[in-house]
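A look at the structure
So the chains spell out like this:
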Amino acid sequence: MYEIMIKIPDRKPTVGQLVPGVYRIGKSPASHIQFDRPEVSSRHAVLHVKDGELAIVDAGSTNGTFIDGKRIPADELLDISPGSLITIGTEIQVIVNHAGTGDRIKEDHPPQENANAAATPQSAAKPRTAQMGDGSEKLLKLSKIPEAYRGIASQLKEQIHEELLKRVNLKNLTLSDANREEVQNQARATIKQILSEMSSEIPSSIDLPELEMELVYEAVGLGAIEQLLDDDSVTEVMVNGCENIYVEKSGTLYRTDLSFGSDNQVLTAIERIVAPLGRRIDESQPLVDARLADGSRVNAIIPPLAVDGPSLTIRKFAKTSFVIEDLVRFGSLTPEVGIFLDLCVKLRKNILISGGTGSGKTTLLNVVSNFLPDTERIVTIEDAAELRLNQPHLVRLEARPPNIEGRGEIAIRDLVRNSLRMRPDRIVIGECRGGEALDMLQAMNTGHDGSLTTVHANSTRDALARLETLVLMAGFDLPLRAIREQIASAVSIVVQIARLKDGTRKVTQVSEITGMEGEIITSQELFEYRQHGFDDNGQIVGEHASCGIVPTFTDEIQVSGIPFDFSIFNSEQQGEES
C-alpha cells in the first residue's frame, strides 16, 4: 500500500491511499487523478502502482512531467523511487511513498485526510477503476499497443476519427443495407489513406495494423469489444463505463487492458446493436434488452441510471449449438442424466429448469429442447430470441417493448395466450418472470403437456415458491392451495443447475414433483451432484449420482415401448469425479 500527497499552491495538501493499479493523471474527467488547471493537459501522465514498484510515463503533455526537478521524455515508462518529487506541469507537486513513511515536503498546514483540494473525489483515494495486482482480480492483456503509448494512440485515434467523419458518413454507412464486409472495406480503405498521410506523426512503437484494426472497429463495429466477440473462448463480455472491460473465460472473470476512448463510443456501440432491432436507448428509455445477429444476449443501461457511465453486458452464444454430449464432456451432467431428460421429453413430461443468473439455464433449455421430435409443431416464446432449435416445424415468437409513446408493447404473457391458438404440440418459454406463469401452468394442464421453461431460483423448493409468486403477479386473487395444486399437476420434472465457486456449471439436482400432501407440494430427488471438496488447483471435486429412487411414472415408460435401462436409478450408479 502506498500513500499519495498532492500539493497545489494556496491549498491544503491532500493525502490518500493508493492501491495497486494504473492511474491516469490529467484535466480530462476520465482521469483517475484530475486537476482542472490550465497548465495540466487533458492526458498528462500515467502513474503505475504495483507492489514494490512505481513507474510513470508522460503522455505527451504540453508543460511536461518532472521527477526531482528533471523533465522526463514523453511516452517512455520510467521507474521512480518511493518519495520522489513528481511535478505535474509547473506547480502541482505529487509524492508517492510507502504508507506511514512520511513526506519529503514540509508543510505549514498538516495534511487533511481525503481533503477535496487538489482533485476530484476519485483522485487521491481509490481510483475509479477496479484494483489490480492485489490478488482479487485477474488481468488479461489483449492490446498489442504498448501501455506507455496508449495515451498517444488514443489521441491519434481521436484525430483520425474526426478526419474520417469529414470523408465518410459513418452513420449512414453502418445503417445502410450494405453487408458488413463492404462497410468494413470502405472504412478500412479511408482509414489506411489517413494513416498514410499522418505516418510521420505516429511513433514507430505503435503497430500500424493494430491501430488500423482498432480504428475500423470503432468506426463501423462495436469498438474495443469487437475482438472479444470474435474470441470463441470468451463467454461473456461486460463493459462498465468506457475504461473497464471484463470478460468471462472458462468460468473465470478477467479484467482486460482494452478500453473505449469515451463514454460516447460505448453509447455508439450500444446504438449499433439495438437500432437494427427497432429498439432505442436514450434518457427516456435508458435500459434495453436485445440480441446480436448470432443470438447473443445483450443488456444495456445508460446514465442517469448507470452512474459511472454506460454499462453493456453481452452473454455470448456458441457459434455451434451445444448438444447433450458437450454438456457431458464439460462435466455439467452425466450420460445417465442426459438419457433420463431425453426420456422425459419423449414422454411429454413438463420440465422446469431452475438456476441463478449465469448458471446456464438457457443453454440447458436449448439442449433439452432439441430432444423434441421433428414431427411436432413447436412454439418458442422469449423476451429476446436466443433459443436455436433444429426442428423443421418451429415458430419463434419474441416480445416487443413499448415504442417512444409508450404504446405497442407485446409482453410474453400476450404471446403465451396467442400461442394457444396456434395449434402447438409443445410450448417452450425462454423464462417465466411474471404473470405468464399462470397461463403457462394452465396450458400445461389443458393438453399442452411436454412443454419446457426456466425460472430464476437457487433450489428446487425455491423454484416452486418462485412459481407461486409469479402466478400471483398475474393479478388474480387465487387461493394459495389452488396455485399449488396447479403447479403440482402441471410440473413433472425440476432440473436445478448452478454455477459453482470454481466457475463450472453443473446440474446439481433432478427432482420429480409427485403431488401434494396437505398444503405442501411433494417431490423426490432422482439425481444429485455430491461435492467433496477442492483439488490443489481450486477446482471442485465431486460426482453426479443417482439417489436410488425410481420415478413414479415407470408404468408409462414400460407402456411407451421406449428402450430404457432402469439400472441408472441404482444408488450405486455413480458419475465420474469432476
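The rules behind these values
- Each chain has its residues counted from 1, running along the sequence as written.
- Given that this is a predicted model, residues contribute local features only at a pLDDT of at least 70 and side-chain atom pairs are listed and counted only at 80 or more, while totals for whole chains, interfaces and linings are drawn from all residues.
- To obtain the side-chain values, all non-hydrogen atoms of the structure were used and water was disregarded.
- By definition, a salt bridge exists where a carboxyl oxygen of Asp or Glu is found within 4 Å of a side-chain nitrogen of Lys or Arg.
- Secondary structure elements are taken from DSSP: a helix is a run of H or I of four residues or more, a strand is a run of E of two residues or more, and numbering for both begins at the N terminus.
- Annotation comment: domain bounds sourced from an automatic or database domain assignment.
- A contact between two residues is defined here by any heavy atoms of the two lying within 4.5 Å.
- Two parts placed together each lose some accessible area under a 1.4 Å probe, and adding up what both lose gives the buried area.
- Pairs of N or O atoms within 3.5 Å make up the polar contacts considered here, provided that, within protein, one atom can donate a hydrogen while the other can accept it, and that residues adjacent in sequence are counted only when both atoms are side-chain atoms.
- Under the scheme applied here, ten amino acids are nonpolar (Ala, Val, Leu, Ile, Met, Phe, Trp, Tyr, Cys and Pro), four are charged (Asp, Glu, Lys and Arg), and all others, including Gly, are polar.
- Strands pair, by our definition, only if DSSP identifies at least two bridges between them.
- Exposure classes here rest on a 1.4 Å probe applied to the protein chains alone. A residue is buried below 20% of its type maximum, exposed above 50%, and partly exposed in between.
- To define a nonpolar core, start from buried Ala, Val, Leu, Ile, Met, Phe, Trp, Tyr and Cys residues and group those joined through side-chain atoms within 4.5 Å.
- Here the axes come from fitting lines to C-alpha atoms, over the contacting stretch only for helices, and the angles between their N-to-C directions go from 0 to 180 degrees.
- pLDDT is a residue-level measure of predictor confidence that goes from 0 to 100.
- In these notes the angle categories are as follows: under 35 degrees is roughly parallel, over 145 is roughly antiparallel, 65 to 115 is roughly perpendicular, and the rest is oblique.
- Handedness of a crossing is defined here by the sense of rotation of the near helix relative to the far one, left-handed for an anticlockwise turn of less than a right angle and right-handed for a clockwise turn.
- Here the expected length of a helix is defined as 1.5 Å per residue gap, with one fewer gap than residues.
- Think of the arc as the fan of directions from the helix axis to the C-beta atoms.

Looking at the pattern of salt bridges
Following the criterion strictly, the structure yields 31 salt bridges and no others. Between Asp383 and Arg433 there is a salt bridge, and its shortest N-O distance comes to 3.1 Å. Here the residue Asp383 occupies a position in the loop between strand E21 (378-382) and strand E22 (394-398), and Arg433 occupies one in the loop between strand E23 (426-429) and helix H12 (436-444), the gap between them amounting to 50 residues. A salt bridge links Arg413 to Asp439; the nearest nitrogen and oxygen atoms lie 2.6 Å apart. Here the residue Arg413 occupies a position in helix H11 (residues 412-419), and Asp439 occupies one in helix H12, the gap between them amounting to 26 residues. Put simply, Glu163, Lys166, Arg167 and Glu197 are held in one network by salt bridges that share partners.

Section: the domain arrangement of the protein
Under the domain assignment, the protein is made up of domain 1 (2-98), domain 2 (140-163 + 182-315) and domain 3 (324-569). When each unit is reduced to the centre of its C-alpha atoms, the spacing between domain 2 and domain 3 is 36 Å. Domain 2 puts 11 residues into the contact, and the matching count from domain 3 is 16 residues. Both faces combined, the contact of domain 2 with domain 3 buries some 1,100 Å², and carbon together with sulfur accounts for 34% of it. Of all residues in domain 2, Arg279, Arg291 and Arg297 bury the most surface against domain 3, accounting for 39% of the area lost on that side. Here domain 2 and domain 3 share four salt bridges between them. Of the charged contacts, one joins Arg499 and Glu248 as a salt bridge, the two residues approaching to 3.1 Å between their closest N and O atoms. The tally of links from domain 2 across to domain 3 stands at five residue pairs in polar contact (both at pLDDT 80 or more). When grouped by side-chain class, the residues that make up the side of domain 2 that touches domain 3 number one nonpolar, three polar and seven charged.

Some remarks on the sheet that holds strand E3 (residues 21-26)
The five strands lie next to each other as E4-E3-E5-E6-E9, forming an open sheet whose pairing is mixed. Edge positions in the open sheet fall to strand E4 (33-34) and strand E9 (78-79), since each of these has one partner strand only. Inspection of the sheet shows E3 paired to E4 by two bridges, in the parallel sense. Bridge pairing in E4 links Ile25 to Ile33.

Considerations on helix H14 (residues 480-490)
Among all positions of H14, only Ile483, Arg484, Ile487, Ala488 and Ala490 are buried. Each element contacted by the buried residues of H14 is listed here: H12, helix H13 (460-472), strand E26 (505-517) and strand E27 (520-534).

What to know about the nonpolar core
Counting 35 residues, the largest nonpolar core has Phe340, Ile351, Leu364 and Val495 as the members making the most contacts within it. Taken together, the elements giving at least two residues each to this core come down to helix H8 (324-330), helix H9 (335-346), strand E20 (351-355), helix H10 (361-369), strand E25 (493-499), E26 and E27. With six residues, H9 is the single largest residue contributor to this core. Excluding its chain neighbours within four sequence positions, the residues that come into contact with Ile351 are Leu341, Cys344, Val345, Val368, Ser451, Leu452, Thr453, Ile493 and Val495. The next biggest cluster of nonpolar side chains, apart from the first, holds 34 residues, and it includes Val395, Leu441, Met444 and Ile521.

Some points on the environment of Gln285
In this structure, Gln285 sits in the loop between helix H7 (263-274) and strand E17 (287-291). Its relative accessible area of 25% is what places Gln285 among the partly exposed residues. Taking the C-alpha atoms as reference, Gln285 lies 9.9 Å from Gly406; in sequence the two are 121 residues apart.

So, the sheet that holds strand E14 (residues 234-240)
Read across the sheet, seven strands follow the order E13-E16-E15-E14-E19-E18-E17 without closing on themselves; strand pairing throughout is mixed. Two strands close off the open sheet at either side, each with one partner strand: strand E13 (138-140) and E17. Here the strands of the sheet are splayed against their neighbours by 25° on average, with no regard to which way each runs.

Overview of the confidence of the model for the protein
The pLDDT averaged across the protein works out to 84; a share of 90% of its residues lies at or above 70. Model confidence for the protein, summarised as mean pLDDT per element, is weakest for helix H1 (residues 121-124) at 33 and strongest for E20 at 96. Low pLDDT (under 50) marks residues 102-135, which in the prediction has 85 contacts with non-local residues, meaning those over four places away or in another chain.

What about the packing of H13 against H14?
Running from N to C, H13 and H14 point in directions that differ by 120°, and their axes come no closer than 10 Å. The orientation of H13 relative to H14 falls into the category oblique. Here the hand of the crossing between H13 and H14 comes out right-handed. Every residue of H14 that contacts H13 at Leu464, Leu467, Glu468, Val471 and Leu472 is listed here: Leu480, Ile483, Arg484 and Ile487.

Observations concerning H13
In this model, H13 (13 residues) spans 19 Å end to end at C-alpha, consistent with the 18 Å of a helix rising 1.5 Å per residue. All buried positions along H13 are accounted for by Thr460, Ala463, Leu464, Leu467, Glu468, Leu470 and Val471. Taken down its axis, H13 places every buried residue within 165° of arc, on the same side.

Comments concerning the environment of Pro303
Mapped onto the fold, Pro303 is located in the loop between strand E18 (297-301) and strand E19 (311-315). For Pro303, a relative accessible area of 34% translates into the label partly exposed. Along the chain, Pro303 and Ser262 lie 41 residues apart, while their C-alpha atoms are 14 Å from each other. Here Pro303 is in contact with Pro286, Gly309 and Pro310, once residues within four sequence places are set aside.

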